[in-house]
Each structure stands twice: as C-alpha cells, then as structure tokens.
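Below are the chains, spelled out letter by letter.
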Amino acid sequence: MATAKHAPSQVITAALGRYDPAIVKVVLAARRAMRRQFPGAVELVYDNYNALVFAYGPSEHASLAPFSLAAYPRWVNLFFFNGASLPDPLRLLQGSGRQVRSIRLASAAMLEDPPVQALLMAAVDRMPEPFPDGRGRTAIRAIATQRRSRRPTR
C-alpha cells in the first residue's frame, strides 16, 4: 500500500517492473492517453493476483469508474464495467458476462480509434457522476501479497 514513504509513482514503477517491456510500453502509453482525455479522473490502482489494473472514475469509489486498463502477462485490456449495455455496432467488445466487456489493446493508439472513442464517450455519458474539472490524481487501492507471474511463460 502506498504510504508517506511510497508514492504512487514508486508503487506503479515497481509493479510494472514485473512485466515484459512490450507490455509496459502499451500500459504507459495507454495511461497517458487516458489522462489526456480524462484529466480530472481519479486513477485507482489495483495490483491484484491476476493483473495490474488502472480504473478511471470521478472519485475514489470504484463503483463509479466506467472503465479500466488491465495489464496481463501477454496483453492489455480496456474494460468497460457496463459494457454489455453499450452500443457496439462493430462488435468490438468481447465477453459474455452480464455487465463487463473488454477490448484487447494491441497498442495504446487503439484508444484513438473512432469506434473505441465512441464506446468511451458512451460510457462517460452514462456515468452517474461526471469526472471533476481540474487535475486528477492517482490512488493506490490494493497491492496483493501473492500474484501470478507477470511474465509470459514460454
């Protein structure tokens, strides 16, 4: 957990150090893109058993975050928490759960694609509380003591 001696940036750098450089590159570029597009968002960081997750919402309440980035050993996903109800005429969203859908990001540039932008904006339009104005912040929410390997097994 981030404390006075461990800034969020230090915790994130340590967590990303467990990944292959190709995944780190996608994650860092995707985080920059999300921060540019949603500057007031609160970025909630979860280093859990399966993935390193960056959720974006209007506050530190995870239930209000409409989407997140999740880094796995071999890929990065963009998750939409209410993705099952989003308009997706091109069928970009993957998954069969009752709520969550995702897009596998081959690169952060995919976040700029018009169909992905349409999904992001549809998710924002459905938020019960808007992103605040001003500059957002990063909050470390959970650091797992045990986690799967962050490097792909060969």
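Being a predicted model, the structure only gives us computed values, none of them experimental.

Q: Help me understand the overall build of the chain, please; the structure alone is not making it clear to me.
A: Helix and strand counts for the chain stand at three helices and six strands. If you list the helices and strands of the chain from N to C, you get α-α-β-β-β-β-β-α-β. The C-alpha radius of gyration of the chain comes to 15 Å, within 12% of the 15 Å expected for a compact globule of 154 residues. With respect to the three principal axes, the spread of C-alpha positions in the chain is 40 × 40 × 25 Å. Residue burial in the chain is summarised as follows: out of 154 residues, 44% are buried. Intrachain contacts of the chain at a sequence separation of at least 6 include 59% that bridge at least 24 residues.

Q: I'm lost on the packing of aromatic side chains in this one. Help?
A: Given two aromatic rings, their pairing is described by the distance between the two centres and the angle made by the two planes. By the definition in use, this model includes five aromatic pairs. The interplanar angle of 40 degrees and the centroid separation of 5.1 Å between the aromatic rings of phenylalanine 38 and phenylalanine 67 together place this pair among those described as tilted. Here phenylalanine 38 is found in the loop between helix H2 (21–37) and strand E1 (42–47), whereas its partner phenylalanine 67 is found in strand E3 (residues 67–71), with 29 residues between them in sequence. Take phenylalanine 38 and phenylalanine 67: they sit in the same class, and that class is buried.

Q: How should I be thinking about the side chain of serine 102 in this particular structure?
A: Take serine 102: it is sitting in strand E5 (residues 101–105). If sequence neighbours within four positions are ignored, serine 102 has contacts with Asn77, Leu78, Phe79, Leu92, Leu93 and Gln94.

Q: Sorry if this is basic, but what is going on with unusual backbone geometry here?
A: Glycine aside, residues mostly have negative phi, and peptide bonds are mostly found in the trans state. The residue arginine 91 is not glycine, and still its phi comes out positive at about 55 degrees. Positionally, arginine 91 belongs in the loop between strand E4 (76–80) and E5.

Q: I tried to follow the pattern of salt bridges on my own but got confused; where do I start?
A: Opposite charge on two side chains lets them pair, provided their charged atoms get close. A complete count under the given rule lists three salt bridges for this structure. Here aspartate 47 and arginine 18 are joined by a salt bridge, their closest N and O atoms 3.2 Å apart. Taken together, the positions of aspartate 47 in strand E1 and arginine 18 in the loop between helix H1 (8–16) and H2 put the pair 29 residues apart, joining distant regions of the chain. Across the pair glutamate 60 and arginine 137 runs a salt bridge whose closest N-O atoms are separated by 3.4 Å. Residue glutamate 60 is located in the loop between strand E2 (52–57) and E3, and its partner arginine 137 is located in strand E6 (residues 137–143); the two are separated by 77 residues in the primary sequence. A relative accessible area of 33% means that glutamate 60 is categorised as partly exposed. What makes arginine 137 partly exposed here is its relative accessible area of 44%.

Conventions adopted
- Residues numbered from 1 in each chain as written.
- Predicted model: local features only at pLDDT ≥ 70, side-chain atom pairs only at ≥ 80, totals over all residues.
- Heavy atoms only, no water.
- Helix = DSSP H or I, 4+ residues; strand = E, 2+ residues; numbered from the N terminus.
- Rg over C-alpha atoms; globule rule 2.2 N^0.38 Å.
- Buried < 20%, exposed > 50% of the residue type's maximum accessible area, 1.4 Å probe, protein only.
- Contact = heavy atoms within 4.5 Å.
- Phe/Tyr/Trp six-rings, centres within 6.5 Å; stacked < 30°, edge-to-face > 60°.
- Salt bridge = Lys/Arg side-chain N within 4 Å of Asp/Glu carboxyl O.

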